[in-house]
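The residues making up each chain are set out below.
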Amino acid sequence: MEETELRTRLESLASHAAPPPRTIDDPTATVVELHRAGRRRQMAFGAVVAAVVAVLVPIPVTRGLLSSEPDPASPATPSGAVYTTPTRGSLADEPDFLQAMLRRPRTTESSDVDVPVPPLDTRRVVFAGERGGATWVLVAGADPSALPLDERCGRHRSRRARLRGDRVVSPVRSTRCPRR
Amino acid sequence: MRAEETRSVTDFVSAEQRPLLGLAVLLTGDRGLAEGLVQTALMKSYRHWTRITRSKTPSAYPRRVMVTTNNSGHRRLSSTEQVMETVPDRPDPTGPPDEHDEQLLQALRSLPPRMRTASVLRFYEDLSEQRTAEPMGCSASTVDAHTARGLARLPASLTDSEPRQPAREERW
């Protein structure tokens, strides 16, 4: 088949594939409804995962509490996953927004609570997305008041080691932002 | 989403639905699959609407989504169904498909998906080999090979049925 002939035939075929006449909002409403249905499915899946975790996590914890034999000494596994996994959530691909959230000062609604202020270079956005009609951002960072393990041993620690997470991570704090 | 954004989405969908469906029919070789592909592309566009409106060519995003989605093996292997409140099927106002169109659809369906995609993007969307290669995730030489083989495999017996339409505006 000739190239020009194929171009003509493809144009003709595509022009005959006109959508059926509908009201102007109809396709948009369908798209919006599909988008919301997808969000609902994601939230339902998240709820199921949370329920499974809520059931499974207490089992080893309870076992540990009930056990009279102390475990042999073993180093605690550092929980540095927040530093190595990519940011999750629907806004994870908006670097400007994530940078702004990293620089956002940490505040608390109660003046009695002492909020640790992690150094900027240790902060990491774990989650940024829209849930329940609001924008939620979860930022984790190193607690400046906690001593790194290697400093206790008097050894030099590299930045890479810090980022691996063998420094105590501050309580993860979520921020509810004004709707964008 | 604010009312003005919803209006701009509505304008975008109204303007793009028809050309997107035309491209989707050529990419899939099937009207039903094409409508699902367009819905998926528009839904993903809606999800990233803020970013799309900032780009120079907003219409490129749903087209790119259609190419990548249609080429994904997962979508081809799975039959996805959407639960709808209203029945979306309506009588086709264009009537039964033209005999020439049906011939070409069959010929397109006989091509492997990536060969079909390369041929459609090169000869229908008028993209260069380099720009065709971007959404397909391959090299320009691969696109060249796909299109050459696609042309060779399409039956020579297909005859022209209508004069060519005017050149399309820049969409990619």
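Residues numbered from 1 in each chain as written. Chains lettered and ligands numbered in written order. Predicted model: local features only at pLDDT ≥ 70, side-chain atom pairs only at ≥ 80, totals over all residues. Heavy atoms only, no water.

## Considering the overall build of chain B
Defined as follows: Under the DSSP-based scheme used, a helix requires at least four consecutive residues in state H or I and a strand at least two consecutive residues in state E, with every element numbered from the N terminus. To sort residues, take the accessible area from a 1.4 Å probe on protein chains only and compare it with the maximum for the residue type: under 20% means buried, over 50% means exposed, and anything in between is partly exposed. What makes two residues a contact is simply this: any of their non-hydrogen atoms within 4.5 Å. Shrake-Rupley sampling with a 1.4 Å probe provides the accessible areas, and residues are treated as covered by the protein chains on show and by no other component.
Counting its regular elements, chain B contains 9 helices and 0 strands. For chain B, buried positions account for 41% of its 172 residues. For chain B, long-range pairs separated by at least 24 residues make up 70% of all intrachain contacts whose partners lie at least 6 apart in sequence. Carbon and sulfur atoms make up 51% of the accessible area of chain B, which totals about 9300 Å².

## Structural notes on the overall build of chain A
Per the secondary structure count, chain A includes 7 helices and 3 strands. Secondary structure elements of chain A, listed N to C terminal, follow the sequence α-α-α-α-α-β-β-α-α-β. Burial status across chain A gives 34% buried among its 180 residues. In chain A, once contacts between residues fewer than 6 apart in sequence are set aside, the share between residues at least 24 apart is 66%. Total accessible area on chain A stands at roughly 11600 Å², and carbon and sulfur atoms take up 59% of it.

## So, the pairing of strand 1 (residues 124-131) of chain A
Residue and element names in this part refer to chain A. Basically, it comes down to this: The rule for pairing is simple: two strands pair if DSSP sees at least two bridges between them.
In terms of strand pairing, strand 1 meets strand 2 (residues 134-140) through 7 bridges, oriented antiparallel. Pairing of Arg-124 across the sheet is with Ala-140, part of strand 2. Where strand 1 folds back on strand 2, the antiparallel hairpin that results is connected by 2 residues, among which Gly-132 adopts a positive phi of roughly 60 degrees.

## Notes on a nonpolar patch on the surface
Residue and element names in this part refer to chain A. For clarity, the cut-off: Patches here are clusters of residues that have more than 30% relative accessible area and form no salt bridge, with a 9 Å joining cutoff for like charges and a 5 Å cutoff for nonpolar side chains (Val, Leu, Ile, Met, Phe, Trp, Tyr). Just to be clear on terms, a salt bridge is a Lys or Arg side-chain nitrogen sitting within 4 Å of an Asp or Glu carboxyl oxygen.
Judged by side-chain polarity, Phe-45, Val-49, Val-53 and Val-57 come together as a nonpolar surface patch covering roughly 360 Å² of accessible area. Relative to the helices and strands, Phe-45 resides in helix 2 (residues 26-56). Take Phe-45: its relative accessible area is 60%, and that puts it in the exposed class.

## Looking at the nonpolar core
Note on soluble globular proteins: their nonpolar side chains tend to be buried together. Stated formally: Buried Ala, Val, Leu, Ile, Met, Phe, Trp, Tyr and Cys residues that are joined via side-chain atoms within 4.5 Å together make up what is termed a nonpolar core.
Ranked by internal contacts, the top residues of the largest apolar core, which has 48 residues, are Leu-10 of chain A together with Leu-23, Leu-26 and Met-66 of chain B. No other element matches the 10 residues that helix 1 (residues 3-28) of chain B contributes to this core. Excluding its chain neighbours within four sequence positions, the residues that come into contact with Leu-23 of chain B are Arg-63, Met-66, Val-120, Leu-121, Tyr-124, Glu-125 and Trp-172 of chain B. Leu-91, Leu-98, Met-101 and Val-139 of chain A belong to the second largest nonpolar core, which has 9 residues in total.

## A short note on unusual backbone geometry
Backbone geometry places Asp-126 of chain B, a non-glycine residue, at a positive phi of 60 degrees. What makes Asp-126 of chain B partly exposed here is its relative accessible area of 37%.

## As for the confidence of the model for chain B
Residue and element names in this part refer to chain B. Threshold: Residue-level confidence of the predictor is summarised by pLDDT, bounded by 0 at the bottom and 100 at the top.
The predicted model of chain B has a mean per-residue pLDDT of 80, with 75% of residues at 70 or higher. Looking across chain B, the model is least confident in helix 5 (residues 73-77), with a mean pLDDT of 56, and most confident in helix 7 (residues 113-123), with 92. Quick note on the complex model: pTM equals 0.52, ipTM equals 0.73.

## Considering the packing of helix 2 (residues 31-47) of chain B against helix 4 (residues 60-71) of chain B
Residue and element names in this part refer to chain B. Convention followed: Angles shown run from 0 to 180 degrees and are taken between the N-to-C directions of axes, each axis being a line fitted to C-alpha atoms and, for helices, limited to the stretch in contact. Under this scheme an angle from 65 to 115 degrees is roughly perpendicular, one under 35 degrees roughly parallel, and one over 145 degrees roughly antiparallel; angles in between are oblique. Here is the rule for handedness: rotate from the far helix to the near one, and if that takes an anticlockwise turn smaller than a right angle the crossing is left-handed, while a clockwise turn gives right-handed. Charged means Asp, Glu, Lys or Arg here, nonpolar means Ala, Val, Leu, Ile, Met, Phe, Trp, Tyr, Cys or Pro, and polar covers whatever is left, Gly included.
Remark: helix 2 packs on helix 4, axes separated minimally by 9 Å, with the N-to-C direction vectors making an angle of 125 degrees. Between helix 2 and helix 4, the angle is such that the two are oblique. Regarding helix 2 and helix 4, the two cross each other, and that crossing is right-handed. Within the contact between the two elements, helix 2 uses Leu-37, Val-38, Thr-40, Ala-41, Lys-44 and Ser-45 and helix 4 uses Tyr-61, Pro-62, Val-65, Met-66, Thr-69 and Asn-70. Broken down by class, the residue content of the contact of helix 2 with helix 4 amounts to 7 nonpolar, 4 polar and 1 charged.

## Some words on helix 1 (residues 3-16) of chain A
Quick note on the threshold: What a helix is expected to span follows from its residue count: subtract one and scale by 1.5 Å.
Taking 1.5 Å per residue, 14 residues should reach 20 Å; helix 1 of chain A reaches 20 Å between its end C-alpha atoms and fits that length. For helix 1 of chain A, the tally of buried residues reaches 10 of 14 residues, placing the bulk of the element in the interior.

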